[in-house]
Amino acid sequence: HTTGDAMVSALQIMQAMRRHGRSLAELLTGVELYPQRLVNVRIAAGSDWKKNSRLAAETDSVSRELGPEGRVLVRASGTEPVLRVMVEARDPGLADSGAQRLAAAARS
């Protein structure tokens, strides 16, 4: 697609609402939102960040530490040479420290 993430996300949400015949509030019943920490890490254009073994190991470590109380997402930006490092956790301190650890690993 050639549009931004937000536009695609909005269309997918509207599609789900229509498919299920429910409002957004109804679809979100029971969803618990956790604090998120997003860190953008500059990388060399065209670099293969997926081969960064330290980042892979740290991602596994943070994910295990959070368990079902959080989640980790590391992805390349589609518009600039940046990794988006996001950690979500019930405890905002854990989200922040996990994101910082992953950002440091990505920079190595």
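Residues numbered from 1 in each chain as written. Predicted model: local features only at pLDDT ≥ 70, side-chain atom pairs only at ≥ 80, totals over all residues. Heavy atoms only, no water.

Of all eight residues in strand 3 (residues 82-89), eight are buried; the element is thus mostly enclosed. Here strand 3 shows no split at all, with V82, R84, M86 and E88 on one side and L83, V85, V87 and A89 on the other all buried. Two elements, strand 1 (residues 36-42) and strand 3, share seven bridges in a ladder whose sense is antiparallel. Bridge pairing links Q36 to E88 in strand 3. Connecting strand 2 (residues 70-76) to the next strand, strand 3, in antiparallel fashion are five residues. (Buried < 20%, exposed > 50% of the residue type's maximum accessible area, 1.4 Å probe, protein only. Helix = DSSP H or I, 4+ residues; strand = E, 2+ residues; numbered from the N terminus. Pairing = 2+ DSSP bridges.)

With that out of the way, let us pick up helix 4 (residues 92-107). The terminal C-alpha atoms of helix 4 lie 23 Å apart, and with 16 residues this matches the ideal 22 Å at 1.5 Å per residue to within 8%. A95, G98, A99, L102, A103, A105 and A106 are the residues of helix 4 that are buried. Projection of helix 4 onto a plane perpendicular to its axis shows the buried side chains occupying an angular sector of 160°, all on one side. Lining the buried residues of helix 4 we find strand 1, helix 3 (53-66), strand 2 and strand 3. Sitting at the amino-terminal end of helix 4 is D91, which places a side-chain oxygen 2.7 Å from the backbone nitrogen of G93. (Expected span 1.5 Å × (residues − 1). Arc of directions from axis to C-beta. Contact = heavy atoms within 4.5 Å. Polar contact = N/O pair within 3.5 Å; in protein donor to acceptor, adjacent residues only side chain to side chain.)

It is worth spelling out helix 1 (residues 5-20) at this point. Under the 1.5 Å per step criterion, the end-to-end length of helix 1 is 23 Å for 16 residues, consistent within 8% with the ideal 22 Å. Of the residues trailing helix 1, G21 is marked for its positive phi of about 65°.

Taken in spatial order, the three strands of this open sheet run 1-3-2, and their pairing is antiparallel. Looking at strand neighbours, the two that pair on one side only are strand 1 and strand 2, the edges of this open sheet. Sheet twist, expressed as the mean angle between neighbouring strand axes with direction ignored, is 10°. The strands touched by helix 3 within the sheet are strand 2 and strand 3, with strand 2 carrying the most contacts at an inclination of about 155°. (Axes fitted to C-alpha atoms, helices over the stretch in contact; angles between N-to-C directions.)

The analysis is restricted to geometry; functional conclusions fall outside its scope.
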